Each structure stands twice: as C-alpha cells, then as structure tokens.
Amino acid sequence: MADDGSPFPPPLARSRRAAERGPNWLGQRFEVAVGPVAHGGHCVARHEGRVVFVRHTLPGERVVVEVTEDRHAGFCRADAVEVLEAAPDRIERPCPYSGPGKCGGCDWQHVSHAGQLALKAAVVREQLSRLAGVDLPVTVEALPGGPLCWRSRARFAVDRTGAPGLRRHRSHDVVPLDDCPITVEPAAAAVLGRRWPGAGAVDVAVDSAGVVTTTRLDRRGQATSTRVLRPGADVPEEPGGRAQRSAGGRDWEVEGTGFWQVHPAAADALVGAVSAVAGVRPGETVLDLYAGAGLFGGALAPGVGAEGRVVCVESDAAACAAADANLADLPQAEVWQGDVDAPGLTELLGELGRPDVVVLDPPRAGAGREVSRVIAGAAPRAVVYVACDPAALARDVAVLADAGYRLEALRAFDCFPMTAHVECVALLVPA
C-alpha cells in the first residue's frame, strides 16, 4: 500500500518494476528459429534471451512472428505470420477460419496428420520425462475416419449479434463461422446455419442414431432450452431425451449433450485399451472413478462375473441416472453418487475394502496429489488411468510412483485431430 493509504503503488514504483521487467514486445515482429514442440499447441523459440511460445509453426522452421501477448518477464506468446523456411510436414490449412488471429479451436491445421501424431507423441514423452522422471517410447495411434468431420459434440460461442462461432485463441472475441470442418456436418449445420439472439453459447451433439440435440445456454452458462432433431424430420422436438451411443459391444444412453467421447471411434478405442490392461478376473472388485455414464465400469463388469463387484463413482446426478440405466442388466455393477475427493474416497474404501483394480478418468486437471495417494494406499493390483492431459497424467504418475507404483504401459490415441489434445491410457502396478 502507498504511503498515502492508496491501494495503488506510486508511479515511481510502477516505473521501476517495468524497467526491471524489460521492454514490452506486444505487436512487434521479428524473425526466429523454431525449436521443439511444447505442451499446449505451440513451439518454443528464443529471441534476445527470452522464450517465445509460437503458434502456427513447426519445429525446425524459420518464421517471422508477431507478439500477441507479453505479460511475463521470461516469456511472451506470438503467432507465426510469415514462413521463411517451412518444415516438411507443413500443409495448406483445410479450414479457412484457421490461422493467425482467426479461430482458436484448432492448433495443428497447418500440419500433416502424420506430423500431428509425431508432435503429440513428443509432448507426451516430454511431459512424462520432465514431470515424472519416466522415459519411454510413445506412439500416438490414429483413429478411423481421418482428421476432419470427427467432432460429434461441440460448444459454439455466440456473439452479441446472435452469430455463432468459436473464440480466438486466449480471447473472449467470437469469430463467426459458416462451417467447422472438424465437426460432423449435421452438428455444424444445426448451429452454424442459424442465428441465436440472446444466447451465450450453444451445445450440440449427434448420437449414434443420427439424432441431433442442441442446448441453448444463456450468458451465465445456464441451459435455457433443448431441441432434438431426428433423421428425416423437418421440425425439432422439445424437450429432448437421452442420446444413444454404442461402444464396447453395448448400447449406452447419455443426456442429449452430456459428456461422451467426442470422436465417434474414441469410446471403442479407449474401452478396448482399458479392458486389455485391466485384465479383470472373475470374483474381483473394480472401482471406477469419475465414471460418467458407466462406460468403463460397464465394459469391465462381465469380466468379474456374478461373484465380482464393480462400483462406479460419479458426482453428476444426470450422469449417475444414465449410468443406473446403462448398468441395469449387470447386477454386479452399482453406481454411487459423490465427489471423488480424498475424504470421500477414504470413506468409500472403508466400506468397500481393497479393490483389485482402480480405473479413473479424471477431468483435465487430473486426480491430484491427495486422491492419487488414497488410491495407492488402497493397494490395488492395477491402476488404469485414462487421461486427456499429459501434464496432469505425468504429475499424478509422479505421486503414484512416490507411493510405490510404477508406470508399466501406456497407449496414446489421437481422439482430437487438428488440436493439441491427446488421450492416454496408462497402466500402473505395484513397484
């Protein structure tokens, strides 16, 4: 606080801090040699001793960048606005809305699909090495269908005029869109083909039967209405019911725009990977954390047989209701509603006893230190971790390693082509 009682520092103090921080490069352009890929959809370069995180480029390129954000002494953010020396994997962007200053929905539109897989593998490898001290080869597996027209569930922002679109990178500005090439056509057309006056965003999903569900959100993010359009119908229905999904040889129900794997082939791929590494046996107990609509628990339940037990834990009430319906024909499976936190998990384990297998599919932030420690303390023979963020996975792997578990195997899947996101399935076993 300033001497006069003001909460603001005097001008001299502000000037001194600005001088210590150095010049602000916002808006400046300069040439850089691009280094390795980094987590988050950019590559690392250096200029005059500072790190520059550059989007729209590739390792090994020489580019002219324009600084788009400069808020830290040690680094700034920039876009590659001119390519002087291109990498072999650079291609023409298939989406006209992608590029510097445009839509921020995709990170790698300028990269061949094979190049994208290599970049994602490098990121997973680097995060595990740097954050968990684990060095192992990583291959990212492509899913069927190619890198376009795969997104079956999306949220589009709406600007003040009612025009739908997506936001610029690290911005609240909405870029209006007429199309989104990574989104399946019925979903894109249902939202981008009309105006949404007064809305803040629109969620859309297409289920396995081709039913399109749109949910209108206000500017506080609260759902205000839901509409369902069935194949061949001209008029949508209100309100919407549950969407139909298929994976692992079973049919599933979820809320119309509720959580489900975005890529149509992702749920099958992840179920196969989880089932293979879990290797459940008759009579075993499986604990499925962050269970959603019961996908992994339901897929593993037949393996434990009538004498086994599968407990699915989920906090969302709608997802629990869907899981109850999805697992109704599996008497060995049950659904518990509650938060996956250390106290609640400790209480649950006190009632459940020692699980043989723990499966967890946490949100992007990961399970966290305390939950990871409780899981390790339960001493399962296997921990199967499904991760949508390699940094969070690496941090939790490090905690589990300190508690006596080692990373035995890992598979990675390109569930989000054209973006920096990658899905991993990791198996950890007692060391």
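Below you will find a few notes about this structure. All values reported here derive from a predicted model rather than from experimental measurement.

## Observations regarding helix 5 (residues 295-304)
For helix 5, the tally of buried residues reaches seven of ten residues, placing the bulk of the element in the interior. Along helix 5, the residues that are buried comprise L295, F296, G297, G298, L300, A301 and V304. Positive phi shows up at G305, right after helix 5, with a value of about 75°.

## Side note on the packing of helix 2 (residues 113-132) against helix 9 (residues 390-402)
Interaxial distance between helix 2 and helix 9 falls to 8 Å at its minimum, and their mutual angle equals 35°. Considering only the axes of helix 2 and helix 9, their crossing is right-handed. Residue-level inspection shows V123, V124, Q127, L128, L131 and A132 of helix 2 in contact with helix 9, the latter providing P390, A391, A394, R395, V397 and A398. Counted by class, the contact of helix 2 with helix 9 contains ten nonpolar, one polar and one charged residues.

## Side note on the pattern of salt bridges
Under the defined criterion, the tally for this structure stands at 19 salt bridges. In this structure, E284 engages R281 in a salt bridge whose closest nitrogen and oxygen atoms are separated by 3.8 Å. In this structure, E334 and R309 form a salt bridge, with 2.8 Å as the shortest nitrogen-oxygen distance. Highlighted residues: E334 in strand 17 (residues 333-337) and R309 in strand 16 (residues 309-314), separated in sequence by 25 residues. Through salt bridges with shared partners, one network takes in E69, R77 and R170.

## Considerations on the pairing of strand 10 (residues 201-206)
With six of its six residues buried, strand 10 lies for the most part within the structure. Taking every second residue as pointing to the same face, both faces of strand 10 are buried, with A201, D203 and A205 on one and V202, V204 and V206 on the other. Two strands pair when backbone bridges link them, and strand 7 (residues 153-158) and strand 10 are joined in this way by five bridges, in the antiparallel orientation. Counted as the bridge partner of F156 is V202 from strand 10. Alignment of strand 10 against strand 11 (residues 212-217), held across six bridges, turns out to be antiparallel. Of the residues in strand 11, the one forming a bridge with A205 is T213. The antiparallel hairpin formed by strand 10 and strand 11 contains five residues in its connecting segment, where G210 sits at a positive phi of about 85°.

## Quick notes on helix 6 (residues 317-326)
Three or more residues of helix 6 are buried, namely A319, C320, A322, A323 and N326. An end-on view of helix 6 places all buried positions within 160° of arc, on one side of the element. Contact partners of the buried residues in helix 6: strand 13 (242-247), strand 14 (250-255), strand 16 and strand 17. One side-chain oxygen of the residue at the start of helix 6 lies 3.2 Å from the amide nitrogen of A318, identifying that residue as D316.

## Observations regarding the packing of helix 4 (residues 266-278) against helix 5
When two helices pack together, their arrangement is given by the angle between the helix axes and by the axis-to-axis distance. Helix 5 packs onto helix 4 with a crossing angle of 50° between their chain directions and a minimal axis gap of 10 Å. When the interaxial angle is binned, helix 4 and helix 5 end up oblique. Here helix 4 runs over helix 5; the crossing is right-handed. Contacts between helix 4 and helix 5 pair A267, L270, V271, V274, S275 and A278 from the former with L295, F296, A299 and L300 from the latter. Its residues assigned to classes, the contact of helix 4 with helix 5 comprises nine nonpolar, one polar and no charged.

## Details of the packing of aromatic side chains
By the definition in use, this model includes four aromatic pairs. With a centroid separation of 5.3 Å and 70° between ring planes, the pair formed by W25 and F30 is classed as edge-to-face. For W25, a relative accessible area of 5% puts it in the buried group. Overall, the relative accessible area of 10% leaves F30 in the buried class. With a centroid separation of 6.3 Å and an interplanar angle of 45°, the aromatic rings of W252 and W260 are classed as tilted. Neither W252 nor W260 differs from the other in exposure class; each is buried. The ring of W196 is capped by R194, whose NZ or CZ atom sits 3.8 Å from the centre of that ring. The side chain of R250 reaches across the aromatic face of W252, ending 5.4 Å from its centre.

## Regarding the pairing of strand 14
In the sheet, strand 13 pairs with strand 14 via six bridges, with the strands oriented antiparallel. When the bridges of strand 14 are listed, Q244 appears paired with E253. The turn joining strand 13 and strand 14, which pair antiparallel and follow one another in sequence, is formed by two residues; a positive phi near 60° is taken by G248.

## Digging into unusual backbone geometry
We note that C149 has phi near 55°; this positive angle belongs to a residue other than glycine. Among the secondary structure elements, C149 is positioned in the loop between strand 6 (140-142) and strand 7. For Y290, which is not glycine, the phi dihedral falls at a positive 55°. Within the element layout of this structure, Y290 appears in the loop between strand 15 (285-289) and helix 5.

The rules behind the values
Throughout, a residue's number is its position along its own chain's written sequence, starting from 1. Two thresholds apply to this predicted model, a pLDDT of at least 70 for residue-level local features and 80 or more for giving and counting side-chain atom pairs, whereas whole-chain, interface and lining totals are computed over all residues. By convention in this description, side-chain values take in all heavy atoms of the structure and omit both hydrogens and water. The rule is simple: take the accessible area with a 1.4 Å probe, protein chains only, and divide by the maximum for that residue type; under 20% is buried, over 50% is exposed, in between is partly exposed. Where helices and strands are cited, they refer to DSSP runs of H or I of at least four residues and of E of at least two residues respectively, numbered from the N terminus. Between N-to-C directions, angles span 0 to 180 degrees; the directions come from axes that are lines fitted to C-alpha atoms, helices contributing only their stretch in contact. By convention, the crossing between two helices is left-handed when the near helix turns anticlockwise from the far helix through less than a right angle, and right-handed when the turn is clockwise. The criterion used for residue contact is that any of the two residues' heavy atoms lie within 4.5 Å. Residues are sorted three ways: Asp, Glu, Lys and Arg are charged, Ala, Val, Leu, Ile, Met, Phe, Trp, Tyr, Cys and Pro are nonpolar, and all the rest, Gly among them, are polar. Salt bridges are counted wherever a side-chain nitrogen of Lys or Arg sits within 4 Å of a carboxyl oxygen of Asp or Glu. Two strands pair under a simple rule: DSSP has to find at least two bridges between them. What the arc measures is the spread of directions leading from the helix axis to the C-beta atoms. Here a polar contact is recorded for every N or O atom pair within 3.5 Å, except that within protein the pair must consist of a potential hydrogen donor and a potential acceptor, and residues adjacent in sequence are included only if both atoms are side-chain atoms. For classification purposes, an angle smaller than 35 degrees is called roughly parallel, one larger than 145 roughly antiparallel, one from 65 to 115 roughly perpendicular, and anything else oblique. To pair, rings of Phe, Tyr and Trp, with the six-membered ring standing in for Trp, must have centres within 6.5 Å; the planes then decide the type, stacked if under 30 degrees apart, edge-to-face if over 60, and tilted in the middle. Placement of a charge over a ring requires the Lys NZ or Arg CZ to be within 6 Å of the ring centre, with the centre-to-atom vector within 35 degrees of the ring normal.

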